[in-house]
Amino acid sequence: MSNFPNGSEEISLLEFISKYQYLKSKDTKYFFSTQKYYKKRISNLVSKKYLRRIKSNLILDELGIEFAELFGFEYNKLNRNKKYLPRLLYISELAAFYNKCHNVKFTPSFDMKDKEEYTITSRKYIGVLEINGMEYLTYYFTENHNDKYLRLILYDIQKEKKYKNIIILTNDIIISVNTFYFY
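Residues numbered from 1 in each chain as written. Predicted model: local features only at pLDDT ≥ 70, side-chain atom pairs only at ≥ 80, totals over all residues. Heavy atoms only, no water.

1. Observations regarding the sheet that holds strand β2 (residues 51-54)
Note the cut-off: Pairing between strands is defined by DSSP: at least two bridges between the two strands are required. Secondary structure elements are defined from DSSP: runs of H or I of at least 4 residues count as helices, runs of E of at least 2 residues count as strands, and each element is numbered from the N terminus. When checking whether two residues touch, look at their non-hydrogen atoms; a contact exists if any pair is within 4.5 Å. To obtain each axis, a line is fitted to C-alpha atoms, and for helices this fit is confined to the stretch in contact; angles are then taken between N-to-C directions over 0 to 180 degrees.
Spatially, the three strands line up as an open sheet ordered β1-β3-β2, and their pairing is antiparallel. If you trace the sheet from one side to the other, it starts and ends with β1 (23-24) and β2, each paired once. Inspection of the sheet shows β1 paired to strand β3 (residues 57-60) by two bridges, in the antiparallel sense. Residue L23 lies in a different strand from β3, and its bridge partner there is L58. The sheet strands contacting helix α1 (residues 7-20) are β1, β2 and β3, and the helix crosses β3 at an angle near 90°.

So, in structure tokens, the structure goes:
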């Protein structure tokens, strides 16, 4: 048995986690063509020390980091900020879902934002969804966010100059925007 990852699907998974830092275990199904034994393949990568589990999430382990660096994958060090984790997991979940989609491409916010400019890094968008060639600046809002966060999103949208199309993703909650005005 080889100590290297088995095939392009496993390599694609390692490359994805290298970039997005985290992947929910349930989202690994988006990387494999067969749903029959992909869980064994994940367990194999964990036992070989390419991946490590943190609760229900996967991150790169020692050999996974070495593999990513050796093959020149985009590598982002693991962000352990607990307040930032839900955002990273949501971005990862969205990117994993559209991973093999030919009509939709997702570019995460951390690939777009200038890290030196605070006014850009503080913006609330999570990325850009390109759907059939049209770009949509993408935000998300959950029941864990408050009205202040919604106001920040709406302020972001008002000052946006580059993107004309906006998507706000929610998880079946109603957002009342009666008190906000768009110009």
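2. Looking at the confidence of the model for the protein
Put simply, the test is: Per residue, pLDDT measures the predictor's confidence, with a range of 0 to 100.
Within the protein, residue pLDDT values average 87, and 89% of them lie at 70 or more. Element-level pLDDT for the protein is lowest in helix α6 (residues 118-121), with a mean of 56, against a maximum mean of 97 in β3.

3. Things to note about the sheet that holds strand β6 (residues 134-141)
The strand order across the open sheet formed by four strands is β4-β5-β6-β7, and the pairing between neighbours is mixed. Looking along the sheet, the strands with just one partner apiece sit at the ends: β4 (104-108) and β7 (166-170). Sheet twist, expressed as the average angle between the axes of neighbouring strands with direction ignored, equals 30°. One ladder, built from five bridges, connects strand β5 (residues 127-131) with β6; its direction is antiparallel. Of the residues in β6, the one forming a bridge with G127 is T138. Where helix α4 (residues 85-97) meets the sheet, its contacts fall on β4, β6 and β7, and the angle it forms with β4 comes to roughly 155°.

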